[in-house]
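Working through the structure, step by step
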Amino acid sequence: MARINDNFLKLKAGYLFPEIGRRVTAFTTANPDKAAKLIRCGIGDVTEPIPAAAAQAMHDGIDEQTNRDTFHGYGPEQGYGFLREAIAENAYAGLNISADEIFVSDGSKCDSGNILDILGQGNVIAVTDPVYPVYVDTNVMIGNTGEGDADGRYEGLVYLSCTAENDFVPAIPTEKVDVIYLCYPNNPTGAAATREQLTEWVKYAKENDAIIMYDAAYEAFIQDENVPRSIFEIEGAHECAMEFRSFSKNGGFTGLRCGYIAIPDALTGAAADGSRVSIKQLWSRRTSTKFNGASYPIQKGAAALFSPEGKAQVSALIEHYMANASLLRTACQEAGLTVYGGENAPYVWVACPEGVTSWDMFDKMLNDASVVITPGSGFGAAGEGFFRISAFNSKANVEEVCRRIKEIF
Ligand code: MLT
């Protein structure tokens, strides 16, 4: 008898975004007249073409594959040196992260799930609520939780509430936890964590021998120069944190797939006998066994994002999406809604009118405005009463969404 991983049976519904996709398909099938008008501001998927510098580098990378002299077969599992060096020199300039502390992958979603391979059983895991669902579901899948309750909260996880009162940056736990997932700028709330808040988290992690999994996938969208772009700007973070980053949102690589984790040499965890083990060494071992590296042309394209032209083209993309976020914020405010986020992140987090649930709002936006949003409760119990609008879209679509929002409220 082939046994399955019973932990999967604990998972509540389908993954959030396919579930939204299913509901949208049902809606467009039932309302073919509205299908053409539909504007998707649900999943945070980029819409604009990739930077020309990246496209050219990928073309060149393909051309190299057509010539025996420049052909590349299997690449280094950890990523090509040219990309890891570009990341260290640009993304981590002055932050004491070297190329050999960087692991290139096919994206942050995979990284943030796969990392659990190298952590042991029995860790107390803290997640924010609301939260990027991948952190929770992957912990459920691997057996780090008990059953879920009616609100979708799993026994055994420590949920750190993010509310308007704490600016969507959770208070330090009163209990001891071993692993903490933090994502800033935040998906879904669009909140940014201040230097003081992150300093408190690093202090807590060091005092409690915990590891912070810091997801900085939206770092490029930070507009406020006082907001840290990396956890490694905080003193002591190299001993207690790893950082996930992605080319998906800044370089438009959601369909191309490339991301990376920075794991400092100084980061260690405890073995069963109490000895300290390098997290980087474990991840390196895991990577060389289970991964053959992101594809060569894609890594060429990612490295080109750090060239002078690439940087300028990425800045233009960020400007485009953040201008959309600003339009969405203003439209919601003018419609009388309370708005958060959207200033250092491409997500606008909106409070539903009194007494209206997140899924009611999803239905209203779909039925009355033909706009897809993401219901806040899909990100966790504390997301109930909110909805998220993604700014990843064309300007024309966003202007139309703004017009429709003002029309229906
Ligand atoms: C989102 O909409 O939350 C993101 O697209 C999810 C992701 O990046 O995987």
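Residues numbered from 1 in each chain as written. Predicted model: local features only at pLDDT ≥ 70, side-chain atom pairs only at ≥ 80, totals over all residues. Heavy atoms only, no water.

Once that is clear, we can look at the site of the ligand. Taken together, F17, I43, G44, Y132, N187, Y218, K249, Y347 and R388 form the complete shell of residues around the ligand. In this structure, N187 approaches the ligand through a side-chain N or O atom, which is 2.8 Å from an oxygen atom. Here an oxygen atom of the ligand sits 2.7 Å away from a polar atom, N or O, in the side chain of R388. Protein chains bury 85% of the 260 Å² of accessible surface belonging to the ligand in isolation. Counting the residues that make up the shell around the ligand, at least three belong to each of domain 1 (10–50 + 309–408) and domain 2 (54–306). (Near = heavy atom within 4 Å. Polar contact = N/O pair within 3.5 Å; in protein donor to acceptor, adjacent residues only side chain to side chain. Areas by Shrake-Rupley, 256 points an atom, 1.4 Å probe, with all protein chains shown as cover. Domains from an automatic or database assignment.)

Moving on, we get to the domain arrangement of the protein. Taken domain by domain, the protein comprises domain 1 (10–50 + 309–408) and domain 2 (54–306). Taken over C-alpha atoms, the centre of domain 1 sits 25 Å from the centre of domain 2. Each partner contributes residues to the interface: domain 1 has 34 residues there, and domain 2 has 51 residues. With both sides pooled, the region where domain 1 packs onto domain 2 buries about 3300 Å², and carbon together with sulfur makes up 64% of that total. Interface area lost by domain 1 to domain 2 is led by K10, I50 and N344, which between them contribute 22%. Where domain 1 meets domain 2, there are 0 salt bridges. On the surface where domain 1 and domain 2 come into contact, there are 15 residue pairs in polar contact (both at pLDDT 80 or more). Counting residues per element, the ones that place at least two in the side of domain 1 that touches domain 2 are α10 (308–334), β11 (339–341), β12 (347–351) and β15 (386–390). The element that contributes the greatest number of residues to the side of domain 1 that touches domain 2 is α10, accounting for 7 residues. (Contact = heavy atoms within 4.5 Å. Buried area = accessible area lost by both parts, 1.4 Å probe. Salt bridge = Lys/Arg side-chain N within 4 Å of Asp/Glu carboxyl O. Helix = DSSP H or I, 4+ residues; strand = E, 2+ residues; numbered from the N terminus.)

A separate point is the sheet that holds strand β3 (residues 125–129). Spatially, 7 strands are ordered β2-β8-β7-β6-β5-β3-β4 in an open sheet, and the strand pairing comes out mixed. This sheet does not close on itself; its edge strands, each paired only once, are β2 (102–105) and β4 (157–161). Strand-to-strand twist across the sheet, computed as the mean angle between neighbouring axes with direction ignored, equals 20 degrees. Sheet analysis places strand β6 (residues 211–215) next to strand β7 (residues 241–246), joined by 4 bridges and oriented parallel. For Y214, the partnering residue across the bridge sits in β7 and is E243. Together, β4, β5 (179–183) and β6 form the strand contacts of helix α7 (residues 195–207), whose direction differs from that of β6 by roughly 145 degrees. (Pairing = 2+ DSSP bridges. Axes fitted to C-alpha atoms, helices over the stretch in contact; angles between N-to-C directions.)

Cis rather than trans, the peptide bond between D129 and P130 has omega equal to 5 degrees. Its place among the elements puts P130 in the loop between β3 and α6 (133–141). Of note, the phi angle at N96 is positive, near 60 degrees, even though the residue is not glycine. Assignment of secondary structure puts N96 in the loop between α4 (81–90) and β2. Positive phi values are uncommon outside glycine, yet D209 reaches one of about 55 degrees. Its location among the elements puts D209 in the loop between α7 and β6. With a relative accessible area of 44%, D209 lands in the partly exposed category. (Buried < 20%, exposed > 50% of the residue type's maximum accessible area, 1.4 Å probe, protein only.)

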